[in-house]
Every structure is written in C-alpha cells, then in structure tokens.
Amino acid sequence: MHKALLISALIAHAAHAAPEFAPIGSFLSRYCLACHTGAKPAAGYDVRKLTEASLNDQPNLWRRAFNRVSEHEMPPRNAAMPSLEARESFTAYVDHALRTKACADGISPARALSRRLNRSEYAASVRDLLNIHINAGAALPADGAGGEGFDNAAETLFLSPVHAEKYLEAARIALDYAMADPKSREVFLTATPSDKVTPADAARKILTDFLPRAFRRPIEKDEPTRYIALFNAALSRGESFDEAISYALQAVLISPNFLFRVEQPNTTGKQRQVPPFELVSRLSYFLWGSAPDAQLLRYAKEDRFADPNILAEEAIRLLRAERSREFAENFVEQWLATRELGRDIKPDAKMFPDYYESEVESGIRYEPILFVHEILSDNHSLLNLIDSDWTVMATRLQKYYNLPKTEGLRQQPRRVLLPPGSHRGGLLGMAGILAVSSVPTRTSPVLRGKWILESFLGTPPPPPAPNVPPLAKEDAARPTTVRERLTLHRQNPNCASCHAKIDPWGFALENYDSVGRWRDTDAGKPIDASGELPDGTKFNGPVELKKVLMDRRDVVIRNLTAKMLGYALGRSLTLEDHCAVDGIVAQVKKEYYSSYALIRGIVLSTPFRFQAPEPDSKPADIKPKEPSAK
Amino acid sequence: MSKFHAISRRTLLRGAGAALGLPWLEAMAAPAPSAGEKAIKRMAFLYMPNGTHPDFWTPEGVGRNFKLSKTLEPLAKFRDDLTIVTNTWNAGSKTGDGHYVKVSGFLTSTTITKTLGVDVNCNGVSVDQVAAQRTAGATPLASLELGTSPVTTGVDRNVGYTRVYGSHIAWAGPSRPLAREINPLYVYERLFRATRPVGEGIKRDTDLLDTVLGDANQLRGKLGKSDQLRMDEYLEIVRSLEERLKATNLPGRAAWKARYPVDSAPKPEPQPKDFADCTRLMMDMIALAFRTDTTRIATFMFGNEVTNQNFSFLPGISSGHHDISHHQSDAEKLTQYQLIGQWHIEQYAYLLSKLREIKEGETNVLDQSMILFGAGIRDGDKHDPHNLPIVVAGRAGGRLAGGHFSYAEDTPLSNLYVSMLDAFGTPVERFADSTGKLPGVLA
C-alpha cells in the first residue's frame, strides 16, 4: 500500500512539473521505484529523491542514476526492461539537464593536480635536458589510461616498486650516453674545472644551471646543496670529476621534483590563475609532451602570461615547432586507438604479407599521426578529418593504396594530393583506422561501426547483451559473407536495437578489406556497402558515409574538442569541463573550424588556465601584516 | 628463525586444528634438502584471458582417479602433481561487466570499483601480494609481475571501466595495481641486478636514494591532500628499494645467496620474435627467478583481458582470441576456442617441466611449489563467472594432497587461496569472502 501511494505521489508530482519532466518521472516509477524505495531502498538508493528540484541541487544523485541506466546496468536483467528509445530519452534528458545546470553556474576549474611524468613524457624530458637521442624511458613499464582515455591522466599514473629500480637505471644509462657525447656535454656541463675554477665551483655552477631546467621552475638558494654533497662524496671516494658530476645529476633525474609535475595547492580561498611556472609546464607537456624550453621559462619569470594573447601566441609557436610531433603521436594514437596496431591488433601475416613490409606497416601507422599533425600545425580546417583531398604518405604506402605515383615523392612521407576517385581522404580512408577496427582475418562492420560511434562521434554504443542465445541449429546453413552473418544475428531482438545503430556505419566501409585495401567483392560476391540508420538516414559506400558525417560535423568536432581538452588537462572531464568544451566548439565554428582556434580555445579555457581553491582554504586575511619589530 | 622452514610452527599448529589425521607428519617428512639448503616454497599464478571452452576443461571423475580432459591433456606428465578444483568462483565478479571485474578481482576475490579512472580501486589485496608482503626481505625481490603485452590503453566507455583493470591481476593494495614487465630481456636484467654481489656500488646508490627521499619529504609537505598520497607512493617505492639495497649488507641477508647464478642462464634477445616466443621466454624467466631464488612469488598474464591476439600460428585458427571466445555455439569457433585453451595449457606444462628439472637436494622446485593456472571467466561467450577453470600444479612439499575436487556450486575461490596461503607458510584466518579452507585440498 505504502509503495502504491508513493508511486501515485510521484506521478502526481510529475504531472505538476514542467511538461518535459513527466516522462522522466514515469520512467523512474515504472522501472526503478519497485526496489529503490521504502525504509530500506535497494543499494541504499532512494529513487524518491530524484525530483526535478534535485536535478538542480543534487546532481551527483542523478549522475548515479544516469550512469547505471546509460550503461544498461539498471534495471536488472530479471526486471521489466525499457525499450532502447525510452532508455535513451531518459539519459538524454538527464544529461542535458545536468549540463545546463552546470554551465549556468559559470565554468569553474579543478584544483591543483600533481602527477608523475608518464613514460613518454619522461623520455622526452630527459632527451631535451641532456640533448641525447636515445629513448631513456624504453625500459619503464607502460602506463594505463584513465579519464578521456589517455595515459597522461593523473588518476591512473600509479607507481610500482619496479619503477624505483627503473628510474635509477634509466638515469644512469642516459647520463652515460650524455657524458660520452660532446654535443650533449655542451648543453648541460656549463662549467669545467680548471686552474681558476675548483671542481666544487664547477659542480655548483653546473647544478645551479641544471636544476631549474630539470625542475621547471626557479630553485631556492639551498636546493643545490644536497646534490653538491653527493658530488663531494663521490670526489672524496676518488671518483673523477665526470663520474662525480654524473652521479649528482643522476640524483636530480630521480628526484620527485623532476619526476613529478608539481602543482602547489591553491590556498588563497578563491579561484586563481595557474601560477606562471606551472602554466608553462601545462602548456609544454600538452603540445610537446616535454619540459618547457628557455623561452617559456623566461616568459614565466617575467610573468607575461597574465596577458592571454601571449599565452595563445606561445601555444601556436609550440604547435608549429617540430616537437609537436610528440603531441600528435600520443594524442592521435590513443584517440583513434591505432596504438594497438602491432600490439593487440595484428592482421594475419599469412593472409596479408604486404601489410608487414616494414615501410608499409610504418606508413600505415604514421599516416593518421602525420595527417593530424599537418592539420594542427598548419592551421588546416578540422573538417579534413572527415574528408580531405590530401593525405600524408610516402611512395610505398601510395603503391599499397594503388594510387598513381606523385613526382618527387620518395621514402619520406609528406602531404600528397589525392586524385579524384582515390577512395581515400579523411581518417576513414586510412588503412590504420580500417585495420584497427577489424579482426585479424576479416573485416568486422560491428567493430568499424563501434569505432565510428566511439572514437569519431564520441557516442559509444551500450555493451552487448549478455548471454545471447545461440542461433538455432536449423539456421545452420552457414552464411558466407559478414553481412549475411550479421543479418542473422540481428534477427535476435535482444541484439537488433543496438546493432541497427552500429552496423550500418561499418557496412559503408565494406569496400575496404581488413588491412584497408580497396575491394569490390567479398567471398566472391559483390560488396554491398549500403546502410540505413534507425532515423532513416541512408548511405552507400564511403563517399556517402562521409557526407553523412559532414552533416554531423559538430558532433565530430565536439568529440575531438572534449578528447583534446581531456588530454591537455591530463584528467577526466567534469560536467563543468564539458561546458568549457561547448564554448570552445562555438568559437571553432565561428572561425571556420580552424585548428588554431581549437588549440587557442583549449589553452585559454578556464579549466586550463585556472585553479580552484583547496576546499578548506579561506580567502586570505586582507589586513596588512604588522611590520615586525626589530 | 627463518620464515622458510618447510613448515613453520604456526602453520603446524593451525594445520593440526583443521586436519583429518595427521597432515603435518607428511609435511615434516618432506625430503630433506641437501646440506645447507632449506627446502623453500614458491608460488605462481598464471592468468589466461577470455575464458575457455567449457565442455573440454573439467576432468572426469573425482579424487585421485580422474581422467584428464582434452584441454588439460598436456598435463598428463604431471597428473600426480595436480590439484584441480571444480565449481569455485569469485562472487564479487558477478556484476559490472563481462570482463574487467573478472580480471582485477581474480586474485583479490573482491568487486572492483567501476570507474574510468578517478577512483581505481580493487577493494582488496591480491593473494600473491598477501604472501609477498608477509615474506618481504626473504629474497631480493618480494614478487615478480609479468605479462606479454603492455597495459591496454584507453578506457572502455561501452561498459564504463578503465582498461587498467583488464591488465592487472597483482594488487599491492586497493589502489596499487602492480606494473608488469613484458620484455623477457628486461626481466633477465632485473634478476641479474637484484642478485648482484654486495659492493661499493650499493652504498653509492643508497646515498643517492637518501638524497631524493629528502627531496620527497620536503615536497610532500607542500602538496594538497590527494597529491600527498601520490608522494607517499613515491616515498614507499624508493624507501623499499633503499632498504633492499642496504639489506644486502646486513648479516641477516648474508644468509641469502643466489642458488644459481642468473648469468649462467641464456640471455633473451632484445625483442622476442612473436607472442608465442615471448610467452615461452617468460616461462623461462619465472623458472630462472625461482631457480636463483631471486623471488618466490610470481604472477603472469598470458594476455590482457579482451585481447584479440591472433592465434593463427596454430593450425586451424582463423580469427582473434576475443572474437573466437564469442563463439555463439558455432562448431568451428568452438573447436578453435578449445585449441587456444589447450595451447595455454601447453605453455603451462612447459613451465612445469622446467621447474621439475631444477633439482634441489632430493627434491625439485616443482614439488615444492604451487603453480596456479586459471581464468576469471569460464565460457567467454557468456562471460560466465561460475565454475572457473582452475588448476594448481606442485604439491608445496607435500602440503597439497592432489586430485580433482568437485565442490558445491559457487564455492568461493578465495577458499582455495586460504588453503594455498596456509601451504605456503603464510596462513590467514580469512581472505576476502572466504568461508574456510577448501576441504581435501591440503594433505
């Protein structure tokens, strides 16, 4: 009785609410309330608290419901199930309401966040500090990813005992290389002992010059002391000057001041700009994956970043420099999942020997990286990602694609115009993308569809239904083509609703085999590359597919922006960060999808430039300090 | 008293309580190792991703007279060394998603926190680390974590988990997944470094680590609360390395010596030829670690969960591992699924052979060990967490009875871990959701 009352109360409440909340109320009462109510609601979660008002003042409560429903965890499998449409209109409403609320309050940034350098940042930082050309991070364990899917997310940069050993060893090896190379030595050995300079003075000079570069900030006066002590101890053990200074520098490279990008907590009690030295590290690790250079450090010292124009100009300078290749590689390979090529995704070597020719394999791997790098560093339109009349490749990949030769093109990949009818252009014409969304021996329209939804549009499909009943034995006349098999699969209503949204995207790419080569037949039958989305959108083949994606360009650009902001911040995005994304996207559109507009938008955004206060800090007492009595 | 007598007093007393008959007599009677060498126990956990063909795993018959299934056939040579348990599971993994909860929870017997990253938490400690933490200092490395491919990058937005969870089975604490070494040469070099003789180099390193610990302590004070936790991790790993290095000069540690020089074993090539080669070499490295006594505890992941590893190097395999595991009862795929499972067992058998070849006094390393092989799901097609495929080889110096044991449905797998910790000499009252020891497993 109690329960029935509540349900009617909730429905009554819904009836009085703004019209669009009513279906949400009935969704909750129909699918959730039976368990999540009463004195002991299931999982301690009381659905009665989910009201239109609590959308405003208890967003976390709603977030929980949103997550469970959108990930198909609730309602549980033995309960009444909403249709996919009902589920999606529920989550769309909640998501929209929560975002609107978060954005209306103005965008506030996150707190200061320290994190260790990840494996590639470590290698690049050591490389730049010592001017060496080996990968000092090669022996470090790979880092997992968090947040928006990148391995620079602070939250998943764990440390294991093995790291301590590796840091000790990696620093030793890097310094051995550097000490043996005159070109390296002149970068960091800024003094040499002589008749006039004692070894101790030379060591002091070297360390005083090295520490601010290594720690990416000015040092305090006594900071070199500990390292000088190590130098002295080594010298008194009878080690040479070179050995002793190398020993002291090894300690610098293991110090947490080097290994961690430190951000000091904001104890001012209010939002503040990221302090200049921390800001230049944010900037250089975003666009170079490495430590700030001398100019950035000088600008920080001169406090020039109070002027946002300087920050924007510096961002573009970094982007145009060769080192931004590092950023392109790390960002693109994780955003597009192509890092898995050669790792988890290995096309079958017996079926596809061409793929494994070393110039082909590396050409395929680097095409998306170099393409995105070219777009970003040369201020091309971001819409080239969807479709373009050029790509970046060398002769061998050109031949693999069966394209006519370009005069002057050799083994170095560069920007090449595509002839009409090339079947290439945009990310979806790239073998790397097509291979990473295939299984080793054949194409998979499901995986390709999933790739488009997840990586390109940022709207990942829900997980597959568990325990799908097998195809009935009498159906066992084995279908030959992938499409036939999937058609069979979709006869199962449990599967059909989602696959109707996933598979058509993949079907449109069926003219590409599992290693990205063009084909006209599959298993002896002509390729059928047609697809129709549940909303009635039809397309046939990659050209029409790209047109459909072009119509949805703002979804593509929004996803790219969110991914890149997540990468730039090195953490999961919050709802409020998503408000910042909306602002950046609007600006990018206004500037005709310019890539520089995107980069500028990110570095000038509130989450990038500002820090929230620590929760327990209060605004500083404004009373001036009493002059201390002497 | 060393922690590594064949059977500690405490174990003996505990064992007596739960015993049928006089189990400790057999352990006490374990063959005496030759002069100066105590019999030591080792423990390893080998994890197979994506489950296995459910119909070809379970042996026929229980007790000591069981008939090996087709998948387990490669273990025929080790029949008497096997403990096969049927119907165990991790209750905590029947939630969340098809894969991730079943991996990170495999050795912790917990439910992991669902997250894309911000609050990674396995809500426990893995069984290998329980043993490692209790025996730390006995060997140069407390444990060894190995795999064949780097942690899978990215987050799985379909199901809402970071892929960190699919790439870790060893957890030193709730938020401490242990990084794995995936290159056999690096493992070799690490074993070599860990066993290098005492000398001036050690003092040089510890002075250096002292200096950076000073930096870290100073820095810690300036950080916000959550960042301090990160610095604590740093302090902990650097301190433990320093202690380990210093310990090589302590009289207690002098008792430890390598039982075999690392560099007498062949050094792996810089890059393994392929996945199968890498797997073999990792088996060699586990054997080498145990032979040299650099560590007594290891975990190994054949692959990260959801791997689509190409197994076409096996005749008749035509797709990726994960794809095949979703066989949908297709006869052809099921055949391939079984073959892949059997290949994993062959690699396991290879390790067991290597361990048996290493003689220690009257006995051999396999006899003194417990080498577990298992998966976090049974039938990959259904992501079935019930009745996990689990087998342990080696009798822990006679502490394990051996045989095929079939329990009531959904018996906690943690009960096996409690039994194993007992046999290892690091007994616990409870582990995660355990309800006791698995009856019959201990001799």
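All residue numbers refer to positions counted from 1 along the written sequence of the respective chain. All chains are assigned letters beginning at A, and all ligands numbers beginning at 1, according to the order in which they are written. In keeping with the predicted nature of the model, local features appear solely for residues at pLDDT of at least 70, side-chain atom pairs appear and are counted solely at 80 or more, and the whole-chain, interface and lining totals rest on all residues.

### Observations regarding the overall build of chain B
Secondary structure follows DSSP: runs of H or I at least 4 residues long count as helices, runs of E at least 2 residues long count as strands, and numbering of each begins at the N terminus. Of the regular secondary structure elements, chain B holds twelve helices and eleven strands. Residues counted as buried form 58% of the 443 residues belonging to chain B. Of all intrachain contacts in chain B linking residues separated by at least 6 positions in sequence, the fraction that spans at least 24 positions is 69%. Partly exposed residues are those falling between the two cut-offs: more than 12 but fewer than 20 other C-beta atoms within 10 Å of their own, whereas 20 or more means buried and 12 or fewer means exposed, with C-beta atoms placed from the backbone. Remark: residues whose backbone-derived C-beta atoms lie within 7 Å of one another are considered to be in contact.

### Quick notes on the overall build of chain A
In terms of helices and strands, chain A carries 27 helices and ten strands. Burial analysis of chain A (630 residues in total) assigns 47% to the buried set. Once local pairs closer than 6 in sequence are excluded, the contacts in chain A between residues at least 24 apart make up 68%.

### What to know about the environment of B:R244
Residue and element names in this part refer to chain B. Mapped onto the elements of the fold, R244 is located in helix α7 (residues 225-247). Residue R244 is classed as buried on the basis of its 22 C-beta neighbours within 10 Å. For the pair formed by R244 and A136, sequence separation is 108 residues and the distance between their alpha carbons is 9.5 Å.

### Side note on helix α17 (residues 358-377) of chain A
All names here are of chain A. Here the expected span of a helix is defined as 1.5 Å times the quantity of residues minus one. With 20 residues, α17 should reach 28 Å at 1.5 Å per residue; the first-to-last C-alpha distance of 27 Å fits that figure. Y366 marks the point of greatest bend in α17, at about 40 degrees, and the proline P368 comes within the next four residues. Within α17, 16 of the 20 residues are buried, which leaves it mostly tucked inside the rest of the structure. A residue's bend is the angle separating two fitted axes: one through the seven residues that end there, the other through the seven that start there.

### A closer look at the interface of chain B and chain A
The interface of chain B with chain A comprises 63 residues on the first partner and 64 residues on the second. Elements that contribute at least two residues to the side of chain B that touches chain A include exactly α5 (184-194), α6 (200-220) and α7 of chain B. Partitioned by chemical class, the residues of the side of chain B that touches chain A number 22 nonpolar, 25 polar and 16 charged. Ten residues, namely Ala, Val, Leu, Ile, Met, Phe, Trp, Tyr, Cys and Pro, are considered nonpolar, four, namely Asp, Glu, Lys and Arg, are considered charged, and the remaining ones, Gly among them, are considered polar.

### Quick look at the nonpolar core
Counting 263 residues, the largest nonpolar core has A:A248, A:V252, B:L46, B:Y47, B:I286 and B:M370 as the members making the most contacts within it. The biggest single contributor to this core is helix α9 (residues 275-292) of chain B, with ten residues. Residue-level mapping places this core at the junction of two domains, with at least three residues from each of domain 2 (115-261) and domain 3 (338-550) of chain A. For this entry, the nonpolar core is defined as buried Ala, Val, Leu, Ile, Met, Phe, Trp, Tyr and Cys residues connected by C-beta atoms within 7 Å. A:I24, A:W62, A:V69 and A:F90 belong to the second-largest nonpolar core, a separate cluster that totals 14 residues. Annotation comment: domain bounds sourced from an automatic or database domain assignment.

### Considering helix α5 (residues 84-104) of chain A
All names here are of chain A. With 21 residues, α5 extends 30 Å from end C-alpha to end C-alpha; this agrees with the ideal 30 Å at 1.5 Å per step. For α5, the full list of buried residues reads R87, F90 and V94. Buried residues of α5 fall within an arc of 70 degrees about the axis and therefore sit on the same side. Of the exposed residues in α5, those oriented more than 90 degrees away from the buried face are E85, A92, H96 and A104. Tucked inside the fold, the buried residues of α5 contact α2 (22-31) and α4 (59-70). At the exit of α5 stands G106, carrying a positive phi of roughly 85 degrees. Taken from the helix axis, the directions to the C-beta atoms give the arc we talk about.

### Examining the packing of α5(A) against helix α25 (residues 575-590) of chain A
All names here are of chain A. Running from N to C, α5 and α25 cross one another at 80 degrees; their axes reach a closest spacing of 8 Å. Taken together, α5 and α25 sit at an angle that is classed as roughly perpendicular. Contacts between α5 and α25 pair L98, R99, A102 and C103 from the former with L575, E576, H578, C579 and D582 from the latter. The residue inventory of the contact of α5 with α25, partitioned by class, reads five nonpolar, one polar and three charged. Axes here mean lines fitted to C-alpha atoms, for a helix over just the part in contact, with angles spanning 0 to 180 degrees between N-to-C directions. Roughly parallel means an angle under 35 degrees; roughly antiparallel means over 145; roughly perpendicular covers 65 to 115; every other angle is labelled oblique.

### Some thoughts on the packing of helix α24 (residues 553-569) of chain A against α25(A)
Residue and element names in this part refer to chain A. For the pair α24 and α25, interaxial distance at closest approach is 9 Å and the crossing angle is 125 degrees. Classified by the interaxial angle, the pair formed by α24 and α25 is oblique. Of the two elements, α24 crosses α25, and the hand of that crossing is right-handed. From α24, D554, I557, R558, T561, A562 and L565 reach across to α25, where they touch D577, H578, A580, V581, I584, V585, V588 and K589. In terms of residue class, the contact of α24 with α25 is built from eight nonpolar, two polar and four charged. Note: crossing handedness is left-handed where the near helix turns anticlockwise from the far helix by less than a right angle, and right-handed where it turns clockwise.

### Thoughts on the sheet that holds strand β2 (residues 82-89) of chain B
Residue and element names in this part refer to chain B. Read from one edge to the other, the open sheet built from seven strands follows the order β3-β6-β1-β9-β10-β2-β11, with strand pairing classed as mixed. Strands with a single pairing partner mark the edges of an open sheet, and in this sheet they are β3 (144-147) and β11 (403-412). The sheet shows a mean angle of 15 degrees between the axes of neighbouring strands, direction not considered. Paired strands are those between which DSSP finds at least two bridges. Summarising the sheet, β2 and strand β10 (residues 390-393) pair through four bridges and their orientation is antiparallel. Across the sheet, the residue bridging to T83 is V392, located in β10.

### Considering the pairing of strand β9 (residues 369-374) of chain B
All names here are of chain B. Within β9, six of the six residues are buried, which leaves the element mostly enclosed by the surrounding structure. On β9, burial covers both faces: S369, I371 and F373 on one face and M370, L372 and G374 on the other are all buried. One ladder, built from six bridges, connects strand β1 (residues 42-47) with β9; its direction is parallel. Bridge pairing in β9 places F45 opposite L372. Relative to β10, β9 is paired through four bridges, and the arrangement is antiparallel. Bridging from a neighbouring strand, L372 pairs with V392 of β10.

### Regarding the confidence of the model for chain B
Residues and elements named next belong to chain B. Confidence of the predictor at the level of single residues is given by pLDDT, which spans 0 to 100. In the predicted model, chain B carries a mean pLDDT of 89, and 89% of its residues have values of at least 70. The low-confidence segment residues 1-36, where pLDDT is below 50, has 54 contacts with residues more than four positions distant or belonging to other chains. For this predicted complex, the interface score ipTM comes out at 0.89, while the overall pTM is 0.89.

### Let's talk about unusual backbone geometry
A positive phi angle is found at A:A43, which is not glycine, with a value near 55 degrees. Locating A:A43 in the fold gives a position in the loop between α2 and α3 (52-57). A positive phi angle is found at B:V306, which is not glycine, with a value near 65 degrees. Residue class for B:V306 comes out buried when judged on the 22 C-beta atoms lying within 10 Å of it.

### Points about the confidence of the model for chain A
Residues and elements named next belong to chain A. Summing up the model confidence of chain A, the mean pLDDT is 90 and the portion of residues at 70 or higher is 92%. Counting interchain partners and residues more than four positions distant, the pLDDT-below-50 stretch residues 1-18 has 26 contacts. Per-residue pLDDT stays below 50 along residues 621-630; that stretch engages in zero contacts with residues further than four places along the chain or on separate chains.

### What about the environment of A:K501?
Residues and elements named next belong to chain A. Counting through the fold element by element, K501 comes out in helix α22 (residues 493-507). Along the primary structure K501 and L533 are separated by 32 residues, whereas in three dimensions their C-alpha atoms are 6.0 Å apart. Beyond its immediate sequence surroundings of up to four residues, K501 is in contact with P461, L533 and P534.

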